[in-house]
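# Analysis of the macromolecular model
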Amino acid sequence: MRDCAYIYCRKCKRKEWILITQDDINYAKSNGGLFKRIMDHGDHFLAVYIDGNGHLRRSLILTKEPVIQPVVCLT
Ligand SMILES: [Zn+2]
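The structure contained in this document is the topic of the report that follows. Just so it is clear, the structure is predicted and the values come from calculations on it, not from any experiment.

Core analysis: the largest hydrophobic core is formed by six residues, namely Ile20, Ala28, Phe35, Leu46, Val48 and Ile50. Tallying contributions element by element places strand S4 (residues 44-51) first for this core, with three residues.

Let's shift gears to the environment of Leu46. If you trace the backbone, Leu46 turns up in strand S4. Classification of Leu46 by C-beta neighbours within 10 Å gives buried; the count is 21. With 38 residues separating them along the chain, Leu46 and Tyr8 place their C-alpha atoms 9.2 Å apart. When sequence neighbours within four positions are dropped, the list of residues in contact with Leu46 reads Cys9, Met39, His41, Ser59 and Ile61.

How each quantity is defined
- Residues numbered from 1 in each chain as written.
- Predicted model: local features only at pLDDT ≥ 70, side-chain atom pairs only at ≥ 80, totals over all residues.
- Core = buried A, V, L, I, M, F, W, Y, C linked by C-beta atoms within 7 Å.
- Buried ≥ 20, exposed ≤ 12 C-beta atoms within 10 Å, placed from the backbone.
- Helix = DSSP H or I, 4+ residues; strand = E, 2+ residues; numbered from the N terminus.
- Contact = placed C-beta atoms within 7 Å.

Structure, rendered in structure tokens:
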């Protein structure tokens, strides 16, 4: 089965279709009913949670923060 889900980003108003494969459906069925996709929208990420029927359940806007370098302490 192949299907598509319609995604709308509240932050940048971008509208996209994402492809849902049988692997995604199988993953959703064995992981609480949802699978996740993360899309790079330039200055932010859009994370979406889709159920096994291809319906969007939840979306999150993730802002890109500067990467923090680990601190090495020499004793
Ligand atoms: Zn966006």
